[in-house]
Amino acid sequence: MRTAHEPDPSKIFISRRQFLAATSVLASAPLWSWPAFAATPYTFSQGDFEILVVSDGELTLPASLLAPDAPPEELKALLEITGQGPEQVTAATNPTVIRAGDDIILVDNGSGNKFQPTAGKLVENLKGTGIEPESVTKLVFSHAHPDHIWGTLKGDGILTFPNATYYVNSAEWDFWMAPDILTKMPQAFHDFARGAQRDLAAVKERAVMMKPGDDIVTGIKVLDTAGHTPGHISLEVAGEDGLIIVADAITHQTVFFAHPEWRSGFDVIHDLAAQNKKALLERAATDKTRLLGFHWTYPGVGHAERKDGAYRFVAAT
Ligand SMILES: [Zn+2]
């Protein structure tokens, strides 16, 4: 079994204090409703593939958790560019559909009705595009955090996407499914682990273990972007100058483009996460690669340009 990046338990997870502060904000998140996806979702072609970004709704998070060590004024200025902050960040959630020949490939399945009331809209929005959950043939998990995997079950033992084959990085599977996982993290995170174990166990019979470098189908390759979680992956999609479905390797399109070295409160292995952020941005700026971020303002598609010794996000038009 592959273990690309053994996590150092002493470096795993934000502090209990930070997490409790975050969850108190999450618990009081406003109960507004996300409008149905009436309009056609953002879509583009990438080589032989058709890409659709289908929203799962929004999440509200404390800005302080996004980049806990950032100078507050600098963080505030970067958040203002996207109309966010200073106290809270309303983050998009952008699961992605790839039409590849006869396959309908879904990258992450959102959080279902288990996380925040403003999220869990994926199935409704997929149906709005004419895609029924039963027609999804392949489901790729970028990682096993709640907003990416908790939509797996729509009821006890009932898969939301019943006909899909589930692609999971073996390093991510091993991390969350370790029998002693609860001893490695503060109690405040135990729900994350229990949720990951519940959903990974639910797809066990339909799961394919993968590793960086593997192809999901020809032209869609698994890219190692560990750090956010020990087995976090992105996807490289061939065609033109390439597309990278970044997932949570870069969780904010102004903050971490300008400061890929800043620690994110949600990254498990901080040094590795920062290293992979920089590498991904440097490559994307050089190659003019199209990027798609899970939490970037919908649809989360654009490019990286070099700016002031770092980078800036240029949204696709
Ligand atoms: Zn996420």
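Let me begin by describing the structure that accompanies this report. None of the values given here were measured: they were computed from a predicted structure.

**Section: the nonpolar core**
In this structure, Val97, Phe141, Phe161, Tyr166, Trp176 and Leu200 are the most contacted members of the largest nonpolar core, which totals 31 residues. Breaking this core down by element, the ones donating at least two residues are strand E6 (103-107), helix H4 (122-128), strand E10 (165-169), helix H6 (170-177) and helix H7 (190-202). Per element, the largest residue contribution to this core is 4 residues, and it comes from H7. Not counting the four nearest positions on each side in its chain, Tyr166 is found in contact with Leu139, Phe141, Leu159, Phe161, Val203, Arg206, Ala207 and Val208. The next biggest cluster of nonpolar side chains, apart from the first, holds 27 residues, and it includes Leu78, Ile244, Ile250 and Leu281.

**Here's the deal with the layout of surface pockets**
As a volume, the largest pocket reaches approximately 360 Å³. What lines the largest pocket is a set of 19 residues, among which Ile81, Gln253, Thr254, Arg312 and Phe313 lie closest to the centre. Looking at the lining of the largest pocket, the elements that each hand over two or more residues are helix H8 (255-258), strand E17 (301-307) and strand E18 (310-315). Sort the elements by how many residues they give to the lining of the largest pocket and E18 lands first, with 5 residues. Class assignment of the residues belonging to the lining of the largest pocket gives a composition of 11 nonpolar, 5 polar and 3 charged. For the second largest pocket, the lining is made up of 14 residues, of which Ala63, Ser64, Leu75, Pro86 and Glu87 are closest to its centre. Mapped onto the lining of the second largest pocket, the elements with two or more residues apiece are helix H2 (63-66) and helix H3 (72-80). If one sorts the elements of the lining of the second largest pocket by residue count, H3 sits on top with 4 residues. Of the residues in the lining of the second largest pocket, the class split is 9 nonpolar, 2 polar and 3 charged.

**Quick word on the pairing of strand E14 (residues 233-237)**
Most of E14 sits out of view: 5 of its 5 residues are buried. Burial along E14 is two-sided: Ile233, Leu235 and Val237 and Ser234 and Glu236, pointing in opposite directions, are all buried. The pairing of strand E13 (residues 220-224) with E14 spans 5 bridges and is antiparallel. Counterpart to Asp224 in the pairing with E14 is Ile233. Hairpin connection from E14 to strand E15 (residues 243-247): 5 residues lie between these consecutive antiparallel strands, with Gly239 at a positive phi of about 125 degrees.

**Describing the sheet that holds E14**
The strand order across the open sheet built from 7 strands is E12-E13-E14-E15-E16-E17-E18, with neighbouring strands paired in mixed fashion. Taken across any chain shown, the strands that pair with only one partner, and hence form the sheet edges, are strand E12 (215-217) and E18. Adjacent strand axes in the sheet meet at a mean angle of 35 degrees, parallel and antiparallel pairs treated alike. The strands that helix H9 (residues 270-287) touches are E13, E14, E15, strand E16 (290-293), E17 and E18; relative to E17, the one it contacts most, it runs at about 95 degrees.

**Some points on H3**
For H3, the complete set of buried residues consists of Leu75, Leu78 and Leu79. All buried residues of H3 project into a common sector of 100 degrees when viewed along the axis, lining one side. Those residues of H3 that are exposed and aimed more than 90 degrees away from the buried face are Glu73 and Glu80. Elements in contact with the buried residues of H3: H2, strand E4 (88-93) and H8.

**What about the pattern of salt bridges?**
Enumeration according to the criterion identifies 13 salt bridges in this entry. Across the pair Asp191 and Arg194 runs a salt bridge whose closest N-O atoms are separated by 3.5 Å. With Asp191 and Arg194 both in helix H7 and 3 residues apart, the pair spans about one turn of that helix. Note that Asp214 and Lys211 form a salt bridge whose closest N and O atoms lie 3.0 Å from each other. Look at Lys211 and you get partly exposed, because its relative accessible area is 39%.

Calculation notes
- Residues numbered from 1 in each chain as written.
- Predicted model: local features only at pLDDT ≥ 70, side-chain atom pairs only at ≥ 80, totals over all residues.
- Heavy atoms only, no water.
- Core = buried A, V, L, I, M, F, W, Y, C linked by side-chain atoms within 4.5 Å.
- Buried < 20%, exposed > 50% of the residue type's maximum accessible area, 1.4 Å probe, protein only.
- Helix = DSSP H or I, 4+ residues; strand = E, 2+ residues; numbered from the N terminus.
- Contact = heavy atoms within 4.5 Å.
- 1 Å grid on protein atoms, 1.4 Å probe; cavity = no way out; pocket = protein on both sides within 12 Å on 5 of 7 lines; lining within 4 Å.
- Points joined across faces, edges and corners; volume = space filled by probe spheres on them.
- Nonpolar A, V, L, I, M, F, W, Y, C, P; charged D, E, K, R; others polar.
- Pairing = 2+ DSSP bridges.
- Axes fitted to C-alpha atoms, helices over the stretch in contact; angles between N-to-C directions.
- Arc of directions from axis to C-beta.
- Salt bridge = Lys/Arg side-chain N within 4 Å of Asp/Glu carboxyl O.

Worth remembering: the numbers are spatial, not functional.
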